[in-house]
Amino acid sequence: MDYRATETNGQATLFFAGELEMAVGERVGELLQQYGGRNQSVTVDFQGVSFVDSSGIGSLYFTTKELLASGKQVEIVNVREEILDILSVLGFTKALGITVGKVGETGFDAKQRDCI
């Protein structure tokens, strides 16, 4: 999985591309915690995410829950329909009370990336 991050005025945006599965789920959680820890709000852009499994979602869920408990704002945007369906079935957004938006405009720039 590749990622890119931006930070401006207490707002971080993490752009992910690839598969969010067991092998990278923990690293995604660490990145979310790192950027969320030093910013008031975090937007996670999923436009480039093509697959998720329960391990990857679990890591994202628990890290998001910790950030929300510490008063941070978290939003997940540009989620593909098939991934949004999985998140809905698992009760992800309802349990956390966060906004999850469908795919919109491009957010991930493959030229600027780091690998997990």
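Residues numbered from 1 in each chain as written. Predicted model: local features only at pLDDT ≥ 70, side-chain atom pairs only at ≥ 80, totals over all residues. Heavy atoms only, no water.

What follows covers the overall build of the protein chain. Per the secondary structure count, the protein chain includes four helices and six strands. Listed by position from the N terminus, the elements making up the protein chain come as β-β-α-β-α-β-α-α-β-β. Burial analysis of the protein chain (116 residues in total) assigns 46% to the buried set. Element-wise, carbon and sulfur atoms account for 47% of the exposed surface of the protein chain, whose accessible area totals about 6,000 Å². (Helix = DSSP H or I, 4+ residues; strand = E, 2+ residues; numbered from the N terminus. Buried < 20%, exposed > 50% of the residue type's maximum accessible area, 1.4 Å probe, protein only. Areas by Shrake-Rupley, 256 points an atom, 1.4 Å probe, with all protein chains shown as cover.)

Even without being a glycine, Asn9 presents a positive backbone phi close to 50 degrees. Tracing the chain through its elements places Asn9 in the loop between strand E1 (2–8) and strand E2 (11–20). Residues other than glycine seldom take positive phi values, yet Asn78 does so here, at roughly 55 degrees. Along the polypeptide, Asn78 turns up in strand E4 (residues 73–79).

The next point concerns the packing of helix H1 (residues 22–37) against helix H2 (residues 54–69). In a pair of packed helices, the angle between the axes and the distance between the axes together describe the arrangement. Between H1 and H2, the least distance of the axes is 7 Å, while the angle of their chain directions is 15 degrees. Comparing their axes, H2 and H1 come out roughly parallel. At the point where H1 passes H2, the crossing takes the right-handed sense. Contacts between H1 and H2 involve Met22, Gly25, Glu26, Gly29, Leu32, Gln33, Gly36 and Gly37 from the first element and Ser55, Gly56, Ser59, Leu60, Thr63, Thr64, Glu66 and Leu67 from the second. When grouped by side-chain class, the residues that make up the contact of H1 with H2 number four nonpolar, 10 polar and two charged. (Axes fitted to C-alpha atoms, helices over the stretch in contact; angles between N-to-C directions. Parallel < 35°, antiparallel > 145°, perpendicular 65-115°, else oblique. Left-handed = near helix turned anticlockwise from the far one by under 90°. Contact = heavy atoms within 4.5 Å. Nonpolar A, V, L, I, M, F, W, Y, C, P; charged D, E, K, R; others polar.)

Attention shifts here to the pattern of salt bridges. Throughout the structure, instances matching the rule amount to two salt bridges. In this structure, the salt-bridge partner of Glu7 is Arg38, at a minimum N-O distance of 2.7 Å. With Glu7 in strand E1 and Arg38 in the loop between H1 and strand E3 (41–52), this pair connects stretches of sequence that are 31 residues apart. Note that Arg27 and Glu30 form a salt bridge whose closest N and O atoms lie 3.6 Å from each other. (Salt bridge = Lys/Arg side-chain N within 4 Å of Asp/Glu carboxyl O.)

What follows concerns the side chain of Thr63. Structurally, Thr63 is set in helix H2. Looking at Thr63, its side chain comes within polar contact range of the main-chain oxygen of Ser59, at 3.0 Å. Excluding anything up to four places from it in sequence, Thr63 contacts Gly29, Leu32 and Gln33. (Polar contact = N/O pair within 3.5 Å; in protein donor to acceptor, adjacent residues only side chain to side chain.)

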